[in-house]
Amino acid sequence: MENRQQEPKRKGRRAYLDEYEKDASGRYVYMGKTFAWKSPRKASLTKLWLLSLAAFAAQIGAGCVPDVGMNGRAWVLLPYVAALAASVSLVW
């Protein structure tokens, strides 16, 4: 750690490498700042599920709007079907 303080900080593309140091076994270990999720897991997952279900409901609602262009036109239906498939995979 002492030699790290004596070396000047790098600037540029490889500046992130200053955050790694070798341990006793010769492997590199990250010594930079780390962050932890401070919100309770259950509350976060509940909020995530509610938002994903709301997005899915909005996508279904968008398909229920009557429009002249959505009657049998494949080039109009394909983006809607792709977005609906993405919504289904999000909820699944």
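Structure first, text after, so check above.
Residues numbered from 1 in each chain as written. Predicted model: local features only at pLDDT ≥ 70, side-chain atom pairs only at ≥ 80, totals over all residues. Heavy atoms only, no water.

S.K.: Which residues make up the overall build of the protein chain, and what are the values?
M.R.: Each helix and strand in the protein chain was counted, giving three helices and two strands. Beginning at the N terminus, the succession of helices and strands in the protein chain can be written as α-β-β-α-α. Looking at the protein chain alone, contacts between residues at least 24 apart form 32% of all its contacts between residues at least 6 apart. Counting every atom, the protein chain has about 8400 Å² of accessible surface; 64% of that belongs to carbon and sulfur. (Helix = DSSP H or I, 4+ residues; strand = E, 2+ residues; numbered from the N terminus. Contact = heavy atoms within 4.5 Å. Areas by Shrake-Rupley, 256 points an atom, 1.4 Å probe, with all protein chains shown as cover.)

S.K.: Which residues make up the environment of Asp 18, and what values go with them?
M.R.: As for its position among the elements, Asp 18 is in the loop between helix H1 (2–6) and strand E1 (20–22). On the accessibility criterion, Asp 18 (14% relative accessible area) is buried. (Buried < 20%, exposed > 50% of the residue type's maximum accessible area, 1.4 Å probe, protein only.)

S.K.: Tell me about a nonpolar patch on the surface, and name the residues and values.
M.R.: Taken together, Tyr 16, Leu 17, Tyr 20, Tyr 28 and Tyr 30 make up a surface patch of nonpolar side chains, about 550 Å² in accessible area. The topology assignment puts Tyr 20 in strand E1. Classification of Tyr 20 as partly exposed rests on a relative accessible area of 38%. (Patch = residues over 30% accessible without salt bridge, like charges linked within 9 Å, V, L, I, M, F, W, Y side chains within 5 Å. Salt bridge = Lys/Arg side-chain N within 4 Å of Asp/Glu carboxyl O.)

S.K.: How would you explain the environment of Leu 50 if you had to name every residue and give the values?
M.R.: Within the secondary structure, Leu 50 is located in helix H2 (residues 41–64). For Leu 50, a relative accessible area of 56% gives the class exposed. Along the backbone, Leu 50 and Val 91 are 41 residues apart, and their C-alpha atoms lie at a distance of 9.8 Å.

S.K.: Describe helix H3 (residues 74–91), naming the residues involved and giving the relevant values.
M.R.: For H3, which comprises 18 residues, the first-to-last C-alpha distance of 25 Å matches the rise-based estimate of 26 Å (1.5 Å per residue) to within 8%. Three or more residues of H3 are buried, namely Tyr 80, Ser 87 and Val 91. Projection of H3 onto a plane perpendicular to its axis shows the buried side chains occupying an angular sector of 40°, all on one side. With respect to the buried face of H3, the exposed residues turned more than 90 degrees away are Trp 75, Leu 78 and Pro 79. Where H3 is buried, its residues meet H2. (Expected span 1.5 Å × (residues − 1). Arc of directions from axis to C-beta.)

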